[in-house]
Amino acid sequence: MRVAIVHYWLVSMRGGEKVVEALCDMYPEADIFTLLYDPSAVSSKIRERNVTSSFLQKFPGANKYYQFLLPLMPFALESLDLTGYDLILSSESGPAKGVIPQPNAVHICYCHSPMRYLWDHYHFYRSTASFMQRIAMSFVAPLLRSWDVNTSARVDRFIANSHHVAARIGKYYRRSASVIYPPVAIEDFKPCHDIGDFYLCAGQLVAYKRVDLAIEAFNKSGRKLVIIGEGAELVRLKAIAGPSISFLGRVDFGVLKDHLARCRALVFPGEEDFGIVPVEAMASGRPVIAYGSGGALETVIHGSTGILFQEQTADDLADAVDMFEEHVELFVPSQIVKTVSKFAGSEFKNAIFQVIEEELKIRSTGTVAQPTFPRKEAVHSTPLASTLH
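Figured I'd write up the structure that's included with this text. (Residues numbered from 1 in each chain as written. Predicted model: local features only at pLDDT ≥ 70, side-chain atom pairs only at ≥ 80, totals over all residues. Heavy atoms only, no water.)

**As for the overall build of the chain**
So, point 1. Helix and strand counts for the chain come out as 14 helices and 13 strands.
So, point 2. Since a compact globule built from 389 residues should have a radius of gyration of about 21 Å, the 21 Å found for the chain is in line with a globular shape.
So, point 3. C-alpha extents for the chain along the principal axes are approximately 60 × 45 × 35 Å.
So, point 4. Scored against the burial criterion, the 389 residues of the chain give a buried share of 53%.
So, point 5. A total accessible area of about 17,400 Å² is found for the chain, and carbon and sulfur atoms account for 55% of it.
So, point 6. Charge-centre separation for the chain: the mean point of 39 positive side chains lies 3 Å from the mean point of 42 negative side chains. (Helix = DSSP H or I, 4+ residues; strand = E, 2+ residues; numbered from the N terminus. Rg over C-alpha atoms; globule rule 2.2 N^0.38 Å. Buried < 20%, exposed > 50% of the residue type's maximum accessible area, 1.4 Å probe, protein only. Areas by Shrake-Rupley, 256 points an atom, 1.4 Å probe, with all protein chains shown as cover. Lys, Arg positive; Asp, Glu negative; His and termini not counted. Charge placed at Lys NZ, Arg CZ, Asp CG, Glu CD.)

**Section: the state of the cysteines**
So, point 1. This structure, assessed with the given rule, holds zero disulfides.
So, point 2. Among the cysteines around Cys24, which has no disulfide bond, Cys109 carries the closest sulfur, lying 16 Å off.
So, point 3. Judged by relative accessible area, which is 1%, Cys24 ranks as buried.
So, point 4. The closest cysteine sulfur to the non-disulfide-bonded Cys192 is located on Cys263, 10 Å from its own sulfur.
So, point 5. You can call Cys192 partly exposed: its relative accessible area is 29%. (Disulfide = S-S within 2.5 Å.)

**Focus: the environment of Glu48**
So, point 1. Tracing the sequence through the fold places Glu48 in the loop between helix 2 (44-47) and strand 3 (51-53).
So, point 2. Put simply, Glu48 and Ser162 are 114 residues apart on the chain and 30 Å apart in space, counted from C-alpha to C-alpha.

**So, the packing of helix 1 (residues 15-26) against helix 14 (residues 345-365)**
So, point 1. Between helix 1 and helix 14, whose axes approach to 11 Å, the crossing angle comes to 65°. Judged by the inter-axis angle, helix 1 sits roughly perpendicular to helix 14. Note on packing geometry: the crossing formed by helix 1 with helix 14 is right-handed. Two secondary-structure elements touch here, helix 1 through Val19, Ala22, Leu23, Asp25 and Met26 and helix 14 through Phe348, Lys349, Ile352, Phe353 and Ile356. (Axes fitted to C-alpha atoms, helices over the stretch in contact; angles between N-to-C directions. Parallel < 35°, antiparallel > 145°, perpendicular 65-115°, else oblique. Left-handed = near helix turned anticlockwise from the far one by under 90°. Contact = heavy atoms within 4.5 Å.)

**Some thoughts on the sheet that holds strand 1 (residues 3-7)**
So, point 1. With respect to topology, seven strands assemble into an open sheet ordered 3-2-1-4-5-6-7, the strand pairing being parallel. Edge strands, defined here as strands with exactly one partner in the open sheet, are strand 3 and strand 7 (178-179).
So, point 2. Lying over the sheet, helix 6 (residues 163-173) contacts strand 4 (87-92), strand 5 (106-111), strand 6 (157-160) and strand 7, oriented at roughly 140° with respect to strand 6.
So, point 3. Contacting strand 4, strand 5, strand 6 and strand 7, helix 14 crosses the sheet at an angle of about 150° to strand 5. (Pairing = 2+ DSSP bridges.)

**Things to note about helix 1**
So, point 1. Taking 1.5 Å as the rise per residue, helix 1 with 12 residues should run 16 Å; its terminal C-alpha atoms sit 17 Å apart, in good agreement.
So, point 2. Counting buried residues along helix 1, nine of its 12 residues qualify, which places the element largely inside the surrounding structure.
So, point 3. Within helix 1, the full set of buried residues consists of Gly16, Glu17, Val19, Val20, Glu21, Ala22, Leu23, Cys24 and Met26.
So, point 4. The inward-facing, buried residues of helix 1 abut strand 1, strand 2 (31-34), helix 2, strand 4, strand 5 and helix 14. (Expected span 1.5 Å × (residues − 1).)

**Looking at the pattern of salt bridges**
Pairs may arise between side chains of opposite charge once their charged atoms sit close together.
So, point 1. The tally for this structure, following the rule as stated, stands at 24 salt bridges.
So, point 2. In this structure, Arg2 engages Asp31 in a salt bridge whose closest nitrogen and oxygen atoms are separated by 3.8 Å. Of this pair, Arg2 sits in the segment before strand 1 while Asp31 sits in strand 2; the two residues are 29 residues apart in sequence, bridging distant segments of the chain.
So, point 3. Its salt-bridge partner being Lys220, residue Glu216 comes within 3.7 Å of it at the nearest N-O pair. Of this pair, Glu216 and Lys220 both sit in helix 7 (residues 211-221), four residues apart, roughly one helical turn. (Salt bridge = Lys/Arg side-chain N within 4 Å of Asp/Glu carboxyl O.)

**Structural notes on a nonpolar patch on the surface**
So, point 1. Residues Phe55, Phe59, Leu72 and Phe75 make up a contiguous nonpolar surface patch of about 360 Å² in total accessible area.
So, point 2. Following the sequence through the fold, Phe75 ends up in helix 3 (residues 73-79).
So, point 3. Given a relative accessible area of 57%, Phe75 falls into the exposed group. (Patch = residues over 30% accessible without salt bridge, like charges linked within 9 Å, V, L, I, M, F, W, Y side chains within 5 Å.)

**Let's talk about the nonpolar core**
Here is a general trend for soluble globular proteins: nonpolar side chains tend to be buried in one another's company.
So, point 1. One finds Tyr199 and Ile289 to be the most contacted residues of the largest nonpolar core, which totals 55 residues.
So, point 2. Beyond its immediate stretch of four places on either side in the chain, Ile289 contacts Tyr199, Ala265, Leu266, Val267, Phe268, Ile307, Phe309, Leu317, Ala320, Val321 and Phe324.
So, point 3. Counting residues in each nonpolar core, the second largest holds 42 residues, with Leu77, Leu82, Leu144 and Val155 among its members. (Core = buried A, V, L, I, M, F, W, Y, C linked by side-chain atoms within 4.5 Å.)

Structure (structure tokens):
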């Protein structure tokens, strides 16, 4: 069986690329197709594969300014030739599922998120864009939405990385989706007894992450906040940060691990589709103070592994930090670590194999699968949570 792995772009190593690595482990002979490819920015596991990029690769500066090529991406994806491949595994967050499979091929899409800048976050992205960008978005976005919905019909089976994403797949594509949490290398993280006096924000510094709310909250309280990461928001965030806030920029994995293990708590003020960093923090034995929406509802147990605040405001975040300080003894590192085992890479691979086998069996027998929407898990809470309201 010839297997093709399709990923939107390979220009960094983040959660989506970790999924590609796991798929490579599962299918050692698979080829990789992508819109853009920067070998220096990805792992050796990906570099060792036969990677085919699209014609967008020929554009000067494409690997850095790929967002501006979004209107051309449907054409680029459809130009990728997947003739002869029996199984296509697309990894979708930017466009990826829009490749054209052969009639006899099975196409399974692992969806990190329907393109948020076209759908539920469209107005947020538009409000932060320049005047000319807003005009361009008004013309281009409707066409891309139509293409995005139409290409969902090219997928035989959707897998979502959370129930939050599965609900959006149902809303925008009118398709059901299995839910399999993405792989997290929880074995790489360990608790530490030497806890520091700082809180931590870590991740890409882009607008929807709402790191500005954390800065505003910690400016008022004067508590120490360390911010790890880089991105388009870095200059603006530094301009509004007070003396209790420090920026480390992009750091190596050892430094990140150390800060995750020693922070008082991870602060996570944005709405994420899943959110790998909170799981990494909990694997390090540290609690998470997160906005109670999106993937955080499926990873953070209110009152046991962290605190979920309800309003996405600096004041509500500040209140959550105060609440944590009042009840810090309730958050036991050894108990926090036990809750993240279900996010291990082995769990991901076993679940993906099962879905693939089911879909291949359906194809071989000619059976038509009956679509069922996933039942959303209850919001995590514990008896301790009642003391935190």
